[in-house]
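Below, each chain spelled out in residue letters.
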Amino acid sequence: MRADTSLTAVAPAASDRKPRRRDLLRAERRRGGNFASGLGVAMVFPSLAVFLGLIAVPVVVVALVSLSEWAGFELGDLSWIGLENYRSLVDDGVFWGALVNTLLFTGLTTLFLNILGFGFALLISTRVRGTGLLRAVVFLPALLPPVLVGLMWRRVLDGFGFVNQILQNLGITDEPIFFLGERGYVLWLIIGVTIWQFAGFDMILYYAGLQSIDRSMLEAAALDGARTFRTITRVVIPSLYHIVGVVALLNIIGGLKIFDVVFVMTRGGPNRSSEVLATYMLEKGFRHSIMGQASAIAVVIVVLAVVFSLIRLRISRRLV
Amino acid sequence: MFDIRSPWAKSSLSLLAVGIAVVVLLPIAWIGALSLKTGREVYKQSFLPDQWTPGNYVEAWREFGLGGYFVNSVFVTALSVALTVLVGLLAAHAFTWLKFPGSEWVFTALLLGIMIPPAALVLPLLIEARQLGLYDELYGLSLVYVAFGLPISILVFRGFFQGLPGDLVESARLDGAREWKILWRVVVPMARPAIVTVTILLMLANWNDFILALVLLRDSDTYTLPVGISQFIGQYRTPHELIAAASLIGSVPVFLLYLILERRFQQGVAQGALKG
Amino acid sequence: MAEIDFRGVGKTYGDGTVAVRGVDLQVAEGEFVVLVGPSGCGKSTLLRMLAGLEAITEGEILIDGVVVNKTHPRDRDVAMVFQNYALYPHMTVFANMAFPLRQGKMPKADVAERVREVAGILQLTEHLKRRPANLSGGQRQRVAIGRAIVRNPKAFLLDEPLSNLDAKLRVRMRGEIAQLHADLGVTTIFVTHDQVEAMTLGQRVAVLSDGELRQVGSPHDLYNHPGDMFVAGFIGSPSMNLMRAELRNEEGWRLHLASGSVPVSGDVVRGVSGAVHGQEFVAGVRPESLVLGDPRLPEAEGLPRGVVRLIEVIEPEMYVYVDGFTLVDSGDPDAPSGEMLVARQPSGRSVSPGDVVAVGWDDKNLHLFSAEDGTAVTG
Ligand SMILES: Nc1ncnc2c1ncn2[C@@H]1O[C@H](COP(=O)(O)OP(=O)(O)OP(=O)(O)O)[C@@H](O)[C@H]1O
Ligand SMILES: [Mg+2]
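Residues numbered from 1 in each chain as written. Chains lettered and ligands numbered in written order. Predicted model: local features only at pLDDT ≥ 70, side-chain atom pairs only at ≥ 80, totals over all residues. Heavy atoms only, no water.

J.: Break down the pairing of strand 2 (residues 18-27) of chain C for me, citing the residues and quoting the values.
T.: All names here are of chain C. The pairing of strand 1 (residues 4-12) with strand 2 spans six bridges and is classified as antiparallel. Among the inter-strand pairings, Phe6 is bridged to a residue of strand 2, identified as Leu25. In this structure, the hairpin formed by strand 1 and strand 2 is closed by a connection of five residues, where Gly16 is found at a positive phi of approximately 95 degrees. (Pairing = 2+ DSSP bridges. Helix = DSSP H or I, 4+ residues; strand = E, 2+ residues; numbered from the N terminus.)

J.: Any details on the site of ligand 1? Residues and values, ideally.
T.: Residue and element names in this part refer to chain C. Around ligand 1, the neighbouring residues are Tyr13, Asp15, Thr17, Ala19, Ser39, Gly40, Cys41, Gly42, Lys43, Ser44, Thr45 and Glu160. Thr45 has a polar side-chain atom sitting 2.5 Å from an oxygen atom of ligand 1. Coverage of ligand 1 by the protein chains reaches 63% of its 630 Å² of free accessible surface. For the shell around ligand 1, the element with the most residues is helix 1 (residues 43-51), which contributes three residues. The residue inventory of the shell around ligand 1, partitioned by class, reads three nonpolar, six polar and three charged. (Near = heavy atom within 4 Å. Polar contact = N/O pair within 3.5 Å; in protein donor to acceptor, adjacent residues only side chain to side chain. Areas by Shrake-Rupley, 256 points an atom, 1.4 Å probe, with all protein chains shown as cover. Nonpolar A, V, L, I, M, F, W, Y, C, P; charged D, E, K, R; others polar.)

J.: Before we move on, can you summarise the interface of chain B and chain A with the specific residues and values?
T.: At the junction of the two partners, chain B supplies 92 residues and chain A supplies 96 residues. Summed over both sides, the interface of chain B with chain A buries roughly 8,500 Å², with 79% coming from carbon and sulfur. At the boundary of chain B with chain A, the tally comes to zero salt bridges. Connecting chain B to chain A are six residue pairs in polar contact (both at pLDDT 80 or more). Residue contributions to the side of chain B that touches chain A peak at 18 residues, all from helix 12 (residues 240-275) of chain B. When the residues that make up the side of chain B that touches chain A are grouped by side-chain class, the tally is 70 nonpolar, 13 polar and nine charged. (Contact = heavy atoms within 4.5 Å. Buried area = accessible area lost by both parts, 1.4 Å probe. Salt bridge = Lys/Arg side-chain N within 4 Å of Asp/Glu carboxyl O.)

J.: Quick one: what's the story with the pattern of salt bridges, residue by residue and with numbers?
T.: Pairing between side chains becomes possible if they bear opposite charge and their charged atoms approach one another. What the rule picks out here adds up to 32 salt bridges over all chains. Where Glu275 of chain A meets Arg272 of chain A, a salt bridge forms, and the shortest distance between an N and an O atom there is 2.6 Å. You can call Glu275 of chain A buried: its relative accessible area is 2%. Two residues, Lys364 of chain C and Asp362 of chain C, come together in a salt bridge whose shortest N-O distance is 3.6 Å. (Buried < 20%, exposed > 50% of the residue type's maximum accessible area, 1.4 Å probe, protein only.)

J.: How would you summarise the interface of chain C and chain B if you had to cite specific residues and measurements?
T.: Each side of the interface is counted separately: chain C has 22 residues, and chain B has 17 residues. Summing the contributions of chain C and of chain B, the shared interface buries around 1,800 Å²; its carbon and sulfur component is 57%. Linking chain C with chain B are three salt bridges, by the criterion used here. For Arg147 of chain C, the salt bridge goes to Asp175 of chain B, with nearest N and O atoms at 3.6 Å. The interface formed by chain C and chain B includes eight residue pairs in polar contact (both at pLDDT 80 or more). Taken together, the elements giving at least two residues each to the side of chain C that touches chain B come down to helix 1, helix 2 (73-76), strand 6 (78-81) and helix 3 (93-102) of chain C. In terms of residue count, helix 3 of chain C provides more of the side of chain C that touches chain B than any other element does, three residues in total. Among the residues making up the side of chain C that touches chain B, the classes are represented as 13 nonpolar, four polar and five charged.

J.: Quick rundown of the nonpolar core? Include the residues and the values.
T.: If you look at the biggest cluster of nonpolar residues, it comprises 235 residues, and the most contacted ones within it are Phe139 and Met281 of chain A, Phe157, Phe161 and Leu212 of chain B together with Phe6 and Leu46 of chain C. The leading source of residues in this core is helix 9 (residues 186-211) of chain A, at 16 residues. Not counting residues up to four positions away in its chain, the partners in contact with Phe157 of chain B are Val85, Gly88, Leu89, Ala92, Ala194, Ile195 and Val198 of chain B. Counting residues in each nonpolar core, the second largest holds 47 residues, with Phe32, Ala79, Val150 and Ile177 of chain C among its members. (Core = buried A, V, L, I, M, F, W, Y, C linked by side-chain atoms within 4.5 Å.)

J.: Run through the sheet that holds strand 12 (residues 253-257) of chain C, naming residues and quoting values.
T.: Residue and element names in this part refer to chain C. Read from one edge of the open sheet, five strands run 13-12-11-14-20, paired in antiparallel fashion. This sheet does not close on itself; its edge strands, each paired only once, are strand 13 (260-263) and strand 20 (367-370). Going across the sheet, the axis of each strand differs from the next one's by a mean of 40 degrees, ignoring polarity. Looking at chain direction, strand 11 (residues 241-249) and strand 14 (residues 279-285) are connected through seven bridges and run antiparallel. When the bridges of strand 14 are listed, Leu242 appears paired with Gly284. (Axes fitted to C-alpha atoms, helices over the stretch in contact; angles between N-to-C directions.)

J.: Now, about unusual backbone geometry: what can you tell me, with residues and values included?
T.: With an omega dihedral of -5 degrees, the bond running from Ser237 of chain C to Pro238 of chain C counts as a cis peptide bond. Assignment of secondary structure puts Pro238 of chain C in the loop between helix 9 (229-234) and strand 11. For the peptide bond that leads from Glu315 of chain C to Pro316 of chain C, omega is 5 degrees, which places it in the cis range. In this structure, Pro316 of chain C sits in the loop between strand 16 (305-314) and strand 17 (317-323). Positive phi outside glycine occurs at Arg127 of chain A, with the angle close to 60 degrees. Following the sequence through the fold, Arg127 of chain A ends up in the loop between helix 5 (93-125) and helix 6 (131-143).

Written out as structure tokens, the structure reads:
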């Protein structure tokens, strides 16, 4: 913007843009109210429609069907029976078994995933040689489809599988053990497989948490002469409390939905020893066409998930 | 982060790390070896195959018709992820920069979707899918994935948008840009990291999904990979080495993606999980 | 180019904050108006309402005589330069400047030509291919301005455009903006919280405080005839000294301060309608108008006196802080208050901390304000 710049160069043919006042008037008339509203609603609409149609409506439907007796085919065959389905669940030993298994699975996987995840995260955060490999390898199973993980472990654990090979080579057993046919083993094995699959997932979350700790706090602790162990217990763990909450609840919510691995490894067997809520629900619904009871189980799953999600929401609010 | 000085501590930690990595990897490695054995060798005690048979993969592919499942999986994943990202971006844009009366309420309602486990809704979804003609249709399954993927996507997008300078959007408005253009020309280019995060999360969830696909698909020509492969376990005579090969084939796409994007992948998953 | 008319404009935010109230202001075609006021007084809010980025909750805003309260920002045809420039980080300088033009149907070649033209004026030609991240602060500032002028809008709105620049660059850009306005003649509203910037730039300056327009006038008017205590304290640096004073008529009119009194001519008193003996006022005297004298001299008889506490030398002047007075809070958070006057003196004078000095002033430099509402009572 030199003083020698000619002014005319900057203002091009002002005349061809003259009828602006008219444009302005027209624009003003065109928009009746708040200009943003209509467009905003339109942009949210597709999301809202899909959400209402495929989540909200199903939630309502499942709640309604849980109050009815219905085989799931003709709507006309549906009859309302109030809370009868829930009452029969209360008397249903298999349901209780599935519930206990689900909660046991959820609790134990959550516990061990957090311990291992945190431990691995600490380990990789030392950045010593080999931790890069650990980080890459441990996280890998978390990406695989759980169904395929279940399939693989079915092989690994079967009579001619890897585990039996090791046991026999080490001379611990002579005869192969059919792990997935043993009532006493199956639930623990499913828990073990899940931990194997998702420990790396928790590791990454904790690692992200560790990275967000203010470095200068650790340096201060080091200057104060704290040993590494004390630094971990006194500085690192306290500053990760919220993350622990969030990760644990994530594991809990994931645990409540357990289905894929059980379905392909044991189908809830043998003799229902690994039955979980989701497998039992599908059995009721599809094998036996007792939609009402199946829906009641679904409602139990939803309620459990929502309760823990709400707790999680509270914690992550504080996290920010 | 921790400054480990003593060489003794360093090497024992290294050993520990490598040890854990090996233990975690062994079962997969064994499956890998199994997938390369001949049918007769399957029951032998050796870890590595005597006779390497890569042909198992070709056979599994043909025998199980994996090609069709693969195409279905790719189609469903691509369609659902693209739709979710698109629709989610639109909604997040409005929730951030085009608020309307009640928009906060709508946002909160959408977020409730995060809490609902898809597994619990398979029965009503099946009923609804039959009514609406979405049953046994790949696009129907995709739509269901969109529904379950949207809440987390919108949450991540909006969180990211709120961190962008709002001046840019306002400035573009003053410059005469239409809202649509502002989203694509101004917001999206800046929101790449969030889009990558969401895409990774959704791809993973939708590629790996089993229960929704199991319930909402009927014919084997619509099966996705997880459902397709799982069909063979009940059949007594299915050769083990072929199942092993098939399982690995089904895992390859995520694995490849992981190799390409390792750190991004981990960051993406962590961000998504911690936020949602 | 356009004329802009604010009519009783007010803004109450959703959370109940009243940011602007009852603003009446006309900006003529081609005028350069500076909106100045302390931080948080509602300047940005006012500007954003004009741009259409914020809903108007009271009154109306007219552009060229058309009420635009509900017009979409894009249809108002005003350009705004934001404090942090709001450049699109992923676009080159060229693309940033071309963005407004590409929203219409302008042919590609014309767009490029126009951008080059403006880039030439702003000395950005060599930088057209770079991204904002690789530019200096001043260059970014120019791009932001370029993006505003490229589409030849009806009005420029600049919201503290210089506050992110260092002092030297700020002065230079100030000059460039003034020059640009002189060249283009586009109606411009320039927002700043810096009164020096306001005084050097504005043809007319509008002073805003607490969401209300206090005074609109030329820099000369604001400085010499502040309409109220706030404007008096806000305009000028260091601020005007505002002292509690009582007007008494004992052997002639005198203004009594805490530690003495200063004579006032009958002309001044007659200028104040209804002035009576014993009436309280706020007396305002600019630092450069204060006269400091030796209290032992006969002409210092009866004058208020104080102790010099601190001397800041800023060659060729110095600021002398004199303790022992009761200053009045003008409402401007940055203005002095408490007990110390500031006098601006040539730096050579021999005063040192601890000295007792007599303080006086010439009548013509005295501003009197009502003790009740702070409005000026003398011309
Ligand atoms: N979106 C908002 N919601 C509620 N109050 C707001 C909002 N934006 C601004 N305010 C309030 O309105 C008042 C005026 O704000 P504004 O930004 O207009 O001040 P300003 O004069 O531009 O200040 P600055 O010089 O610091 O930029 C302030 O008290 C501010 O806190
Ligand atoms: Mg401001």
